[in-house]
Amino acid sequence: PSQGAFSPAPGPSQSAFNPAPGHATASGMSVSLGHVGGSAYGAGMQQSYQSDTGHPDDGNGLWNWVQQATSTVVESAHKIVNNPEVIMEGAQKLGRNIVDKTKSSMDTVLTTLDPQLADQDVLHIAVTSSKPIKVNAISMGFSPSFPRHQLHPFVCPSGVAPQPLGYQAGQQGALQRIHYLRSMHSQAAHFVAVSVENFIAELTPGCFYDLACVSLQDSVRNIDISVFSQAVPIPSMYVEQARHGTPPGFALADSGFAVKCSSLVTRDFPGVDSSDMHSVLCGVSRQQILQSASAILAGLYRQRLQQAAPSPPSALSTVQHMSSPPPSHPVQPNHSSVAPPPGPPTSGFYSH
């Protein structure tokens, strides 16, 4: 037969398997880029086929690559199995992903059945302060009782002395902040209002303590609740300095001092936030103390809601009754759901 342009040569020459200068070989394959036609191309094809289908013991063939890849996979698997931390981390990530996906899917189903549920289940809370310590403490305190809530911070003056003195002055400051909120911010008329006012009180002769009054007002359901935080002792020298720093004829002297004890305490401890003297006095931050009081307040508020009249059945309860067999005994209504306040739904934060 005649030798065509692409016919393999009867006996491949050694030069046919040598790459051109500047070219390399990989995995036993001879790449001859300098020879396109003639016997060199056919010989290169033959050598390539032999390298890919060689004997398993051939160190330059495909089998060697498979063996190396398999060994690498097995070695990595052994490392993962023998490392509990890697397994736990993977399991935790998988668990979080499952929870997040499940919650997202349930929210989608519920809001599809009844679009109003998207906003009805959210408790809107108007906070009478924009300070991060108060806002974060209230949010974290309400989370156990009301997982779905949204805070709307407002700047509201207390109308009492900068350093309130006594329980009455503390509660008065918290309630006057709520009164200012209702009168000046109409968009918060149907929100549940929560207010915080810190004050000092002489609980025993000569011994002063810092406390906080945390008040809640639900004007729609006529619910008013006030709680007080854990008392933190204050050295008497700071109280005397605040007393002497109040000028004669101070307009708000009937409710306290003109100088805050917190500013006097943090003055002696540079680098400490002036709004968090508690971390210096007792080793617990003010936010933690307010969070505990807020959690108690949220629990009391939820009890009051459970004692109120039951809300109309939603689309979710209707679907549950349709999919469940009729009970053999009467079912008592569930009062644990929070009825939404009337008015147009509101979303987002109000920052003032």
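Located above this text is the structure these notes cover.
Read on for an overview of the structure. (Residues numbered from 1 in each chain as written. Predicted model: local features only at pLDDT ≥ 70, side-chain atom pairs only at ≥ 80, totals over all residues. Heavy atoms only, no water.)

1. Let's talk about the nonpolar core
- The biggest cluster of nonpolar side chains holds 25 residues, and the ones touching the most others in it are Phe142, Val194, Leu216, Leu297 and Tyr301.
- Secondary structure elements with two or more residues in this core: β1 (123-127), α5 (132-142), β4 (192-204), β5 (207-218), β6 (223-228) and α10 (286-307).
- In terms of residue count, the dominant contributor to this core is α10 (six residues).
- Ignoring sequence-local partners within four residues, the contact set of leucine 297 consists of Phe142, Val194, Val214, Ser215, Leu216, Ile225 and Val227.
- The next biggest cluster of nonpolar side chains, apart from the first, holds eleven residues, and it includes Ile200, Tyr238, Val239 and Leu264. (Core = buried A, V, L, I, M, F, W, Y, C linked by side-chain atoms within 4.5 Å. Buried < 20%, exposed > 50% of the residue type's maximum accessible area, 1.4 Å probe, protein only. Helix = DSSP H or I, 4+ residues; strand = E, 2+ residues; numbered from the N terminus. Contact = heavy atoms within 4.5 Å.)

2. Structural notes on unusual backbone geometry
- Even without being a glycine, asparagine 222 presents a positive backbone phi close to 55°.
- We classify asparagine 222 as exposed; its relative accessible area is 63%.

3. Details of the pattern of salt bridges
- In the structure shown here, the tally under the stated rule is five salt bridges.
- Linking aspartate 121 and arginine 148 is a salt bridge whose minimum nitrogen-to-oxygen distance equals 3.9 Å. Of the two residues, aspartate 121 sits in the loop between α4 (117-120) and β1 while arginine 148 sits in the loop between α5 and β2 (149-153), which places them 27 residues apart along the sequence.
- The exposure class of aspartate 121 is partly exposed, given its relative accessible area of 37%.
- For arginine 267, the salt bridge identified is with aspartate 268, shortest N-O distance 3.7 Å. (Salt bridge = Lys/Arg side-chain N within 4 Å of Asp/Glu carboxyl O.)

4. So, the packing of α5 against α10
- Orientation of α5 relative to α10, taken along the N-to-C sense of each, is 40°, at an axis distance of 7 Å. As judged from the angle between their axes, α5 and α10 are oblique. Relative to α10, α5 is oriented so that their crossing is right-handed. Listed contacts from α10 to Pro132, Ile133, Lys134, Asn136, Ala137, Ile138, Met140, Gly141 and Phe142 of α5 are Arg286, Gln287, Leu290, Gln291, Ser294, Ala295, Leu297 and Ala298.
- Residues of the contact of α5 with α10, tallied by class, amount to ten nonpolar, five polar and two charged. (Axes fitted to C-alpha atoms, helices over the stretch in contact; angles between N-to-C directions. Parallel < 35°, antiparallel > 145°, perpendicular 65-115°, else oblique. Left-handed = near helix turned anticlockwise from the far one by under 90°. Nonpolar A, V, L, I, M, F, W, Y, C, P; charged D, E, K, R; others polar.)

5. Thoughts on the side chain of serine 262
- Mapped onto the secondary structure, serine 262 falls in helix α8 (residues 261-267).
- Classification of serine 262 as buried rests on a relative accessible area of 14%.
- Setting aside its immediate chain neighbours within four residues, serine 262 contacts Gln163, Ser274 and Met277.

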